[in-house]
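Secondary and tertiary structure notes
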Amino acid sequence: MLSKAGVCSRTEAARWIADGRVRVSGRIVRDPEFPIAQPAPPIDVDGQPLGAPQRLYLMLNKPRGVVTTAQDERGRDTVYRCFDGAGLPWIAPVGRLDRASEGMLLFSNDPQWAARLTDPQSGPDKTYHVQIDRLPDEATLAALQAGIDDEGEFLVARAVRVLRSGDKTAWLEVVLEEGRNRHIRRLLAAFDLQVLRLVRVAIGGLVLGDLGKGQWRVLEVSDQQRLGAAAPG
């Protein structure tokens, strides 16, 4: 009930409830799955009425080497390091980028908005710039757009084109409709293409632009409009 309202994470909500800090209609609730009727009854945390939090939408230019999680069991730096000292309310990443990947990562405390954005059927495309270890031929580019079966998962790129190339490497622009775990890396590996760098540069019509590594900014109304159907409303 707390995480769905965008107040905190599921883990933190379960901890608050276990500690007896949450009351529903004046009664302490210790079951994280306690059903909440609609319209919702009065809920308070530490004796303070639970109100709807101010919605916040952010874009981060995720640096390489940090993991997309609030806490890492192996003690590695997380994306939340980039928000140190900002005094932000609780926010969650919308989708993921693996540790070695860089670029646009959105955050919000609006679970419904996040769900629309990540919906595989209606969510916006994601665009990546990918440096690989050689120049692919036209047959390989076509095969990437035809897709492969990888241990029961169908991996495909909606569009692939060569941005630029050198003697030993090339940069591709890869567009995905649906992003699975390590989607691009697995897809390219099937054609013996090694990923040297992977940067997400756009989600829908929203582009990363010149936002510096590890820097973030609040999304404006115009940014939300560029996300199309994923905009709050």
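The coordinates are above.
Here the structure is a predicted model, which is why all the values come from computation and not from measurement.

Calculation notes
- Residues numbered from 1 in each chain as written.
- Predicted model: local features only at pLDDT ≥ 70, side-chain atom pairs only at ≥ 80, totals over all residues.
- Heavy atoms only, no water.
- Helix = DSSP H or I, 4+ residues; strand = E, 2+ residues; numbered from the N terminus.
- Buried < 20%, exposed > 50% of the residue type's maximum accessible area, 1.4 Å probe, protein only.
- Areas by Shrake-Rupley, 256 points an atom, 1.4 Å probe, with all protein chains shown as cover.
- Phe/Tyr/Trp six-rings, centres within 6.5 Å; stacked < 30°, edge-to-face > 60°.
- Contact = heavy atoms within 4.5 Å.
- Pairing = 2+ DSSP bridges.
- Arc of directions from axis to C-beta.

**With respect to the overall build of the chain**
Across its full length, the chain carries five helices and 15 strands. Taken along its principal axes, the extent of the C-alpha atoms in the chain is 70 × 40 × 40 Å. Relative to its full complement of 233 residues, the chain shows a buried share of 39%. Carbon and sulfur atoms make up 47% of the accessible area of the chain, which totals about 12,700 Å².

**Topic: unusual backbone geometry**
Backbone geometry places glutamate 151, a non-glycine residue, at a positive phi of 50 degrees. With respect to the secondary-structure elements, glutamate 151 resides in the loop between strand E9 (148–150) and strand E10 (153–155). Taking relative accessible area as the criterion, glutamate 151 reaches 80% and is therefore assigned exposed. Even without being glycine, arginine 182 reaches a positive phi, approximately 50 degrees. By the secondary structure assignment, arginine 182 is in the loop between strand E12 (170–176) and helix H4 (183–189).

**Considerations on the packing of aromatic side chains**
As enumerated under the stated definition, the model contains five aromatic pairs in all. Between the aromatic rings of tyrosine 57 and tryptophan 113, the centroid separation amounts to 4.9 Å while the plane-to-plane angle is 70 degrees, which identifies the pairing as edge-to-face. Taken together, the positions of tyrosine 57 in strand E5 (residues 57–62) and tryptophan 113 in helix H2 (residues 111–118) put the pair 56 residues apart, joining distant regions of the chain. With a relative accessible area of 0%, tryptophan 113 lands in the buried category.

**Some words on the environment of histidine 129**
Mapped onto the secondary structure, histidine 129 falls in strand E8 (residues 126–132). A relative accessible area of 24% places histidine 129 in the partly exposed class. C-alpha of histidine 129 to C-alpha of serine 108: the two residues are 21 residues apart in sequence and 24 Å apart in space. Beyond its immediate chain neighbours, meaning those up to four positions away, histidine 129 contacts Leu163, Trp171, Leu172, Glu173, Arg197, Leu198, Val199 and Val201.

**Comments concerning the pairing of strand E7 (residues 102–108)**
Most of E7 sits out of view: seven of its seven residues are buried. Judged from the six bridges that link them, E5 and E7 form a sheet pairing that is antiparallel. Across the sheet, the residue bridging to asparagine 61 is methionine 104, located in E7. Relative to E7, strand E6 (residues 92–94) is paired through three bridges, and the arrangement is antiparallel. Note that in E7 the partner of alanine 92 across the bridge is serine 108.

**Some thoughts on helix H3 (residues 138–146)**
For H3, the complete set of buried residues consists of Thr140, Leu141 and Leu144. Mapping the buried residues of H3 onto a view down its axis gives an arc of 100 degrees, with all of them on the same face. Along H3, the residues that are exposed and aim more than 90 degrees away from the buried face are Glu138, Ala139 and Ala146. Buried residues along H3 sit against strand E11 (159–165), E12 and H4. In the segment just after H3, glycine 147 is the residue with positive phi, at about 95 degrees.

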